[in-house]
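Observations on the model geometry
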Amino acid sequence: MAEEEVVIEVDAVQAVYGDDCLVLQSYPPHIQIHIKPRTAEISSQQFVEAVIGIRAGPQYPEEAPDINIAESKGLDEQRKNHLITGIQDKACELSSCLMLVALCEEAVEMLSSMNHPEGNCPLCLYPLVEEDAGRDSLPFMKLMSCFHCFHCECIIRWWNWLQSEKEVIPTNLSGPSVRGSRSMLNQRSVHAAAEESTGSCPVCRKVFHAKDIEHVLDLVGAHSQLSSGDAKLNEDENLTELDSEKFRREKFEAILKLQQENSGLIEPRKNEVLLPGMFLPPPIPETTTVSVNETTDPQNTESNVRAGANSSGSSNRPRTSEHRNSGMRKHRGRNPRKQVKQWTKKETGNAD
Amino acid sequence: MTSSSAPSRKALSKIACNRLQKELVEWQVNPPSGFKHKVTDNLQRWVIEVNGAPGTLYANETYQLQVDFPEHYPMEAPQVIFLPPAPLHPHIYSNGHICLDILYDSWSPAMTVSSVCISILSMLSSSPVKQRPADNDRYVKNCKNGRSPKETRWWFHDDKV
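Notes on the structure follow. Predicted, not measured: the structure shown is a model, and the values here were computed from it.

The secondary structure content of chain B amounts to 3 helices and 4 strands. For chain B, the N- to C-terminal ordering of α and β elements is α-β-β-β-β-α-α. Taking all 161 residues of chain B together, the buried fraction comes to 50%. A fraction of 61% describes how many contacts in chain B between residues 6 or more apart in sequence connect residues 24 or more apart.

Right, here's the structure in full:
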């Protein structure tokens, strides 16, 4: 088949998929397509996605193109293989026809049929979705940045633990009275969860925002404690003005820059960023809309969340998050929060 | 790390029990290669046999790891030490304490006994030399009275081994 026809086909693919299509070479065609399952654009219902590479040789379309998966989320090896094999089968079936769009559509179909979380909750190791439909499954949630899924209860338990650890560590050095005060600290810790604002995924350590799990917080009856964040906010502001804090941040900025230059950081793709102000470059209207959708959608769709969550969440949110955004922007660079915490400890610790 | 872990030996929470039972079953079905765990009644302490990987400095050598689980496992990391004699390794002290970040600051509740074992074996396998850490004597002296390694403020300085 003539070269022009193939080139025209590549143009067509690009027209159909727009930004989701990356043409690496127009002849012989080599393209990458970012595919998502059909979920009517409801991102909280999306548990898998993939970037599929299609690379054709000069014999295309007589010879089927190579298919590979460049990136994926929520797919284990087995499901990735299933996806590749499925697309390859389709390619053989369509041999000698121009097939690029058809292959992409096949990929979307397959991904839609695989659009459910699989396996166990990484925290309790029990299945996320019980096979036996008769039994009640625990509600689960996914982190929007990496698509790792957890039982709501498990991730909240871990989150609260983490917050209480943060509170305990400084006092721990001074004396043995720590255990007793923990229960009291728990209330503050939930509160702090809203203020501290980031954690990292237990599975991949990708940083996520407190808002990511806010919609499940009230599942454990903690939501009411999230209100009235003003006193704490002032504390935060004072903290940022300290010279030592400034110095510390500059140091981390420098380290981060070094890591970035050495390609030591795995950063989220920009259009997947969840929340305004997290990693975003100066706001582009389009991405803002996306992130707003993503943060509110889980509340609308997850059946376990009380209907009140949405309204109570948004009524006290905007003020504090606006404040924080301006604060966060300064040290947005040092996003691997956990690391920061470690570094502080290393510095104070003696070198054993 | 909090001091709540090892010495007092609080009983496992319900959640910790459930999770450990799951891990035990998974281990029996699919043990990490190079490791043997003899199942006992004691869910809270596992003693695991490690075989040095073929082709490394520790090939044909066998060591024993002792894994103690805290009340709030897996939120808190398990305490993992080598039982004597501990392998000669730049990050393993003669009292069996292991300087490995995932056992302390970098612990994540998504890790399992199995994944920890694999990390330890990998640490052993990548060692270019059989020797004790430079500060071994000082450290071991400071650890008298069976202090847990989780109370040490570790300084992870070497990412090569």
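Bringing the pattern of salt bridges into the picture now. Residue and element names in this part refer to chain A. All chains considered together, the criterion is met by 11 salt bridges over all chains. For E153, the salt bridge is made with R157, and the minimal N-O distance between the two is 3.3 Å. Residue E153 and its partner R157 are located together in helix α4 (residues 152-172), separated by 4 residues, close to a single helical turn. Within this structure, R38, E105 and E109 form a network of salt bridges that share partners.

Before going further, it helps to examine the state of the cysteines. Residues and elements named next belong to chain A. Scanning all chains against the criterion turns up 0 disulfides over all chains. Left unpaired, C104 is separated from the closest cysteine sulfur, that of C21, by 7.1 Å. Take C104: its relative accessible area is 2%, and that puts it in the buried class. For C124, which is in no disulfide, the shortest distance to another cysteine sulfur is to C154 and amounts to 3.8 Å. The class for C124 is buried, based on a relative accessible area of 14%.

The next thing to look at is the sheet that holds strand β3 (residues 49-55) of chain A. Residue and element names in this part refer to chain A. Read across the sheet, 4 strands follow the order β1-β2-β3-β4 without closing on themselves; strand pairing throughout is antiparallel. Both outer strands of the open sheet, β1 (21-25) and β4 (66-73), are each paired with one neighbouring strand and no more. For this sheet, the mean angle separating the axes of adjacent strands, direction not counted, is 15°. In this sheet, strand β2 (residues 30-35) lies alongside β1 in antiparallel orientation, the contact comprising 4 bridges. Counterpart to L22 in the pairing with β2 is Q32. Its contacts with the sheet put helix α2 (residues 77-93) on β3 and β4, and the angle it makes with β4 is roughly 145°.

Reading guide: rules and limits
- Residues numbered from 1 in each chain as written.
- Chains lettered and ligands numbered in written order.
- Predicted model: local features only at pLDDT ≥ 70, side-chain atom pairs only at ≥ 80, totals over all residues.
- Heavy atoms only, no water.
- Helix = DSSP H or I, 4+ residues; strand = E, 2+ residues; numbered from the N terminus.
- Buried < 20%, exposed > 50% of the residue type's maximum accessible area, 1.4 Å probe, protein only.
- Contact = heavy atoms within 4.5 Å.
- Salt bridge = Lys/Arg side-chain N within 4 Å of Asp/Glu carboxyl O.
- Disulfide = S-S within 2.5 Å.
- Pairing = 2+ DSSP bridges.
- Axes fitted to C-alpha atoms, helices over the stretch in contact; angles between N-to-C directions.

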